[in-house]
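Here's the letter readout for the chains.
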Amino acid sequence: MNKNMLYRSIPKVDILLEDETIRELIERYSRDTVMEAIHIEMERLRKFIGECEDEEAAKEQTELLTTHIERTVAAMHTPNMRTVINGTGTILHTNLGRAPIGTEHMRRLSEIATGYSNLEYNLEEGRRGERYSHFEKLLCKITGAEAAMAVNNNAAAVMLILSSLAKGGEVVVSRGELVEIGGKFRIPDVMEQSGAVLVEVGTTNKTHYDDYESAITEETKALLKVHTSNYRIVGFTESVDIDELIPIAKKHEIPVVEDLGSGVLIDLSKYGITYEPTVQNSIAKGADVVCFSGDKLLGGPQAGIIIGRKKYIDMMKKNQLTRALRIDKFTAAALEMVLQEYLSEENAVKNVPVLRMITRSLQDVTKDAKKLCELLQEKGLPARIELSACESQIGGGSLPLERIPSMAVAIHPENISVAELEERMRHLPVPIIPRVVNDTVLLDVRTIDERFYKVIVEQLKEMDVLE
Ligand SMILES: *Cc1c(COP(=O)(O)O)cnc(C)c1O
């Protein structure tokens, strides 16, 4: 085999640049991008010829050079971050972007974001406004708090609260509540960053009223309660509820701060979910400052919402850190839209995707699972496809013990292994992330929006994923 001849058959760059397809690519993208793709593909082709022992294959690759350049340019312009189909049944999947935003909310959001908006402009008075104004009143109305604001995420909220209220002082917290949330967010570390000194009281399983009382000194600036949202201490346990802390805090004129984590605004026990303390409940019991995530059980954009007494919220709004932690216009707009849904519980459950998924009845999920299952069965794929009962999880560190009865479509491939199928599904144009249990690929229908059924069926059929 004459490798020299093969190398010589690779077209020169100037010749390639005359090619119709390449010229169109340059027109559409840019000369630089296309040149980069040409160099990448030529290098790959030379390497292929160098290693290849099959002359026909080498010739074929040379002929495909333009096509490969085209593909490489297209890939350079395809966003790496894209839609995936969540078949895991984990509703707040941290790796898959936690809470999805409703399509109607997103449509209105894109209108705001593609133009100018009154983000920080008071239209009534024609002067500078506040970015929190769009949702502050709503939050107060829904939760009963005096004032509200929001920062980038709840980790930032905890940091801002402690920095504003307790920098250089002490904050008392129970050893049973020294939470690590994941992604290395640890309450003790955040406190250190904020400049507050942590005073731990009690033990892992038991903290008493007296523990708090005897820990309070001249230096104490706040009492902190952290909701153990992602784990439960069960058995011989005792903790001090927020309403019991209020009187001691009042006596010493210090605020009680509660980090609720999940921040649920409606009582989910009505829908068969374990009762999770609501934000309203904390405020009603007398917490001075409460913070929670925007994209956990609330089902909104990523944010750390802070509510409570006006004098404390004002201190935070004035803190220099706020400038670094502030939310952007997307978040401000999305928060307002999502919170408006909460003015009626019925609307919230219907229009906030996270709540809709959590509260969907098993009957309803089963009906949809049957639909997806039949669509797949009709295609005659080389696999056994059937309904399979399963359990969904809330995820995102919320309600860790909760399991919601659900229905999945189970796929048992005939020609390939389950591990192989899982991998291929991950590499589809719209990747499908299934749950793999006992050598079965499950698609939990609770977390799959109906608009994806066709995409799933077509991808599994057309791509021969199962062959
Ligand atoms: C999740 C959580 C946080 C962190 O919230 P993010 O919005 O993810 O930053 C903080 N505290 C508690 C108790 C949490 O559950």
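Just above, that's the structure.
Numbering of residues starts from 1 in every chain and runs along the sequence as written. Reporting of local features is limited, given that this is a predicted model, to residues whose pLDDT is at least 70; pairs of side-chain atoms are given and counted only at 80 or more, and all residues count toward the totals for whole chains, interfaces and linings. Heavy atoms throughout the structure, all of them, feed into the side-chain values; hydrogens and water do not.

Numbering of helices and strands runs from the N terminus, with a helix taken as a DSSP run of H or I at least four residues long and a strand as a DSSP run of E at least two residues long. For K367, the location among the structural elements is in helix 19 (residues 362-378). For K367 and C390, which are 23 residues apart along the polypeptide, the C-alpha to C-alpha distance reads 14 Å.

Definitions used throughout: a 1 Å grid over protein atoms alone; a cavity as a set of points that fits a 1.4 Å probe which cannot get out; a pocket as an open set with protein on both sides within 12 Å along at least five of seven lines; a lining residue as one with an atom within 4 Å of a point. Grid points are joined across faces, edges and corners, and a volume is the space filled by probe spheres set on the points. Considering only enclosed or pocket space, the largest pocket measures out at about 1,200 Å³ in volume. What lines the largest pocket is a set of 35 residues, among which V84, P100, I101, R451 and F452 lie closest to the centre. Every element with two or more residues in the lining of the largest pocket is listed here: strand 1 (85-86), strand 2 (90-92), helix 7 (103-113), helix 18 (353-359) and helix 19. Empty space within the second largest pocket amounts to approximately 550 Å³.

Turning next to the sheet that holds strand 15 (residues 435-437). Reading across from one edge, 2-12-13-16-15 is the order of the 5 strands in this open sheet, with mixed pairing throughout. The outermost strands of the open sheet, each flanked by one partner alone, are strand 2 and strand 15. Across this sheet, the average inter-strand angle for adjacent strands is 40°, counted without regard to direction. Strand pairing is assigned whenever DSSP detects at least two bridges linking the two strands. Strand direction decides the pairing type here: strand 12 (residues 383-395) and strand 13 (residues 404-413), joined by 10 bridges, are antiparallel. Interaxial angles span 0 to 180 degrees and are taken between N-to-C directions of axes, which are lines fitted to C-alpha atoms, for helices over the stretch in contact.

What follows deals with unusual backbone geometry. We note that R98 has phi near 50°; this positive angle belongs to a residue other than glycine. Following the sequence through the fold, R98 ends up in the loop between strand 2 and helix 7. Despite not being glycine, N438 has its phi angle at roughly 45°, a positive value. Its place among the elements puts N438 in the loop between strand 15 and strand 16 (440-444). Only protein chains enter the accessibility calculation, which uses a 1.4 Å probe. A residue is then buried if its area is under 20% of the maximum for its type, exposed if over 50%, and partly exposed in between. Judged by relative accessible area, N438 falls into the exposed class, the value being 72%.

On to the pairing of strand 5 (residues 147-151). Extensive coverage of strand 5 is indicated by the burial of 5 of its 5 residues. A two-sided burial pattern is seen for strand 5, the buried positions comprising A147, M149 and V151 on one face and A148 and A150 on the other. Sheet topology places strand 5 next to strand 11 (residues 304-308); 5 bridges connect them, and they run antiparallel. Residue V151 lies in a different strand from strand 11, and its bridge partner there is G304.

Below, the discussion takes up the environment of M81. Positionally, M81 belongs in the loop between helix 6 (65-76) and strand 1. Taking C-alpha positions, M81 is 28 Å from S417, a pair spaced 336 residues apart along the chain.

This brings us to helix 9 (residues 154-166). Multiplying 1.5 Å by the residue count of a helix minus one yields the expected span of that helix. Over its 13 residues, helix 9 extends 17 Å from the first C-alpha to the last, a length consistent with the 18 Å expected when each residue adds 1.5 Å. Most of helix 9 is tucked away: 11 of the 13 residues are buried. Turning to helix 9, its buried residues number three or more, namely N154, A156, A157, V158, L160, I161, L162, S163, S164, L165 and A166. Immediately beyond the C-terminal end of helix 9, within one or two residues, lies G168, with a positive phi of roughly 80°.

This brings us to the sheet that holds strand 5. Spatially, 7 strands are ordered 5-11-10-9-8-6-7 in an open sheet, and the strand pairing comes out mixed. Each having just a single partner strand, strand 5 and strand 7 (197-201) make up the two edges of the open sheet. The sheet shows a mean angle of 25° between the axes of neighbouring strands, direction not considered. Both strand 10 (residues 289-293) and strand 11 contribute to a ladder of 5 bridges, which runs antiparallel. Its bridge partner lying in strand 11, V289 is registered against G308. Across the sheet, helix 9 lies against strand 5, strand 6 (170-174), strand 8 (220-226), strand 9 (256-261), strand 10 and strand 11, angled at about 160° from strand 10, the strand it touches most. Contacts: residue pairs with any heavy atoms within 4.5 Å of one another.

Further remarks concern the nonpolar core. Residue types Ala, Val, Leu, Ile, Met, Phe, Trp, Tyr and Cys, when buried and joined through side-chain atoms within 4.5 Å, form a set referred to as a nonpolar core. If you look at the biggest cluster of nonpolar residues, it comprises 89 residues, and the most contacted ones within it are F135, I306, I307, M316, L339 and Y342. For this core, the element with the most residues is helix 9, which contributes 8 residues. Contact partners of I307, with chain neighbours within four places excluded, come to L139, T143, A145, A147, A148, V279, I283, D288, V289, V290, F292 and I313. By size, the runner-up hydrophobic cluster in this structure holds 29 residues, among which are A369, V409, L421 and M425.

The next point concerns the pattern of salt bridges. One side-chain nitrogen of Lys or Arg within 4 Å of one carboxyl oxygen of Asp or Glu is enough to make a salt bridge. This model, assessed by the stated rule, comprises 30 salt bridges. The residue E120 makes a salt bridge to R128 at a minimum N-O spacing of 3.1 Å. Relative accessible area serves as the criterion here: at 62%, R128 is assigned to the exposed category. One salt bridge connects K317 with E136, and the closest N-O pair in it is separated by 3.0 Å. One end of the pair, K317, is in helix 14 (residues 310-318); the other, E136, is in helix 8 (residues 133-143), and 181 residues separate them in sequence. You'll find K317 and E136 in the same group, each marked buried.

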